[in-house]
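Chain residues, written in single-letter form:
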Amino acid sequence: GKAHHKLCGLIDLKMVGEGRCKMGCGRRVAEGFDRKGLSRDTCCRGCAEGEHHDDTCSLVGAITDDTEAKECGERAFFTEVKTTLPEKQFGRFLEQC
């Protein structure tokens, strides 16, 4: 089989996903296509090579600790409301949000 990458098992799965760098840095993938005509799957060449991000690599839209805290806080809030209210009331609550 193929050898494991040096980051195997070290990438936080919350930092990857559609439109995110496959290296787990939380940044958005670079626009455009690679030499083979495939959509890019990393944010920059430096990250793809396991090095530092390129100077042109953008933090716009990146997942950060602040983003994660906000999402977890919102998720916890809605989960608590859902478990507290009857189903119909929860539906009305969501309609008003």
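Remember, predicted model here, so these are calculated numbers, not experimental data. Each chain carries its own residue numbering, running from 1 in the direction its sequence is written. Confidence filtering applies because this is a predicted model: local features only for residues at pLDDT of at least 70, side-chain atom pairs given and counted only at 80 or more, and all residues used for totals across whole chains, interfaces and linings. Note that the side-chain values use all heavy atoms of the structure and ignore hydrogens as well as water.

Brief notes about the side chain of R20
Piece 1. Secondary structure elements follow DSSP: runs of H or I of four or more residues count as helices, runs of E of two or more count as strands, with numbering from the N terminus. Looking at where R20 falls in the secondary structure, it is placed in the segment before α1 (45-48).
Piece 2. Contacts are assigned to residue pairs that have any heavy atoms within 4.5 Å of one another. Setting aside residues up to four positions removed in sequence, R20 forms contacts with M15, G26, R27, R28, V29, D41, G61, A62 and I63.

Considerations on the environment of G46
Piece 1. Following the sequence through the fold, G46 ends up in helix α1.
Piece 2. Summary of the burial criterion: residues with accessible area below 20% of their type's maximum are buried, those above 50% are exposed, and those between are partly exposed, where the area comes from a 1.4 Å probe applied to protein chains only. Judged by its relative accessible area of 8%, G46 falls in the buried class.
Piece 3. Put simply, G46 and C57 are eleven residues apart on the chain and 8.9 Å apart in space, counted from C-alpha to C-alpha.
Piece 4. Beyond its immediate sequence surroundings of up to four residues, G46 is in contact with E51, H52 and D54.

Focus: the nonpolar core
Within soluble globular proteins, side chains that are nonpolar generally end up buried alongside one another.
Piece 1. Among the nonpolar cores identified, the biggest contains six residues, and these are C21, M23, C43, C44, C47 and C57.
Piece 2. In this structure C43 touches C21, C25, R27, R28, V29, A30, H53 and C57, once residues within four positions along its chain are discounted. Nonpolar cores are built from buried Ala, Val, Leu, Ile, Met, Phe, Trp, Tyr and Cys residues. Side-chain atoms within 4.5 Å join them into one set.

Some points on the side chain of R27
Piece 1. Relative to the elements of secondary structure, R27 occurs in the segment before α1.
Piece 2. D54 provides the closest opposite charge to the buried, unpaired R27, separated from it by 8.7 Å.
Piece 3. Once residues lying within four places of it in the same chain are set aside, the contact partners of R27 are G19, R20, C21, C43, H53, C57, S58, L59 and A62. This count recognises Lys and Arg as positive and Asp and Glu as negative, with His and chain-terminal groups excluded. The salt bridge definition used is simple: a Lys or Arg side-chain nitrogen within 4 Å of an Asp or Glu carboxyl oxygen.

Remarks on the pattern of salt bridges
Piece 1. Enumeration over the complete set of coordinates arrives at two salt bridges.
Piece 2. For D41, the salt bridge identified is with K22, shortest N-O distance 3.3 Å. Of this pair, D41 sits in the segment before α1 while K22 is found in the segment before α1, placing the two residues 19 residues apart along the sequence.
Piece 3. Owing to a relative accessible area of 46%, K22 belongs among the partly exposed residues under this scheme.
Piece 4. The closest approach of N and O atoms between R45 and E49, which form a salt bridge, is 3.9 Å.
Piece 5. Of the residues examined, R45 reaches a relative accessible area of 52% and is grouped as exposed.
Piece 6. Taking the relative accessible area as the measure of exposure, E49 reaches 48% and is therefore partly exposed.

Some details on the confidence of the model for the protein chain
Piece 1. pLDDT expresses how confident the predictor is about each individual residue, on a scale running from 0 to 100. Averaged over the protein chain, the pLDDT score is 77; the fraction of residues at 70 or greater is 73%.
Piece 2. Confidence, read as mean pLDDT per element, is least for helix α2 (residues 65-84) in the protein chain (63) and greatest for α1 (88).

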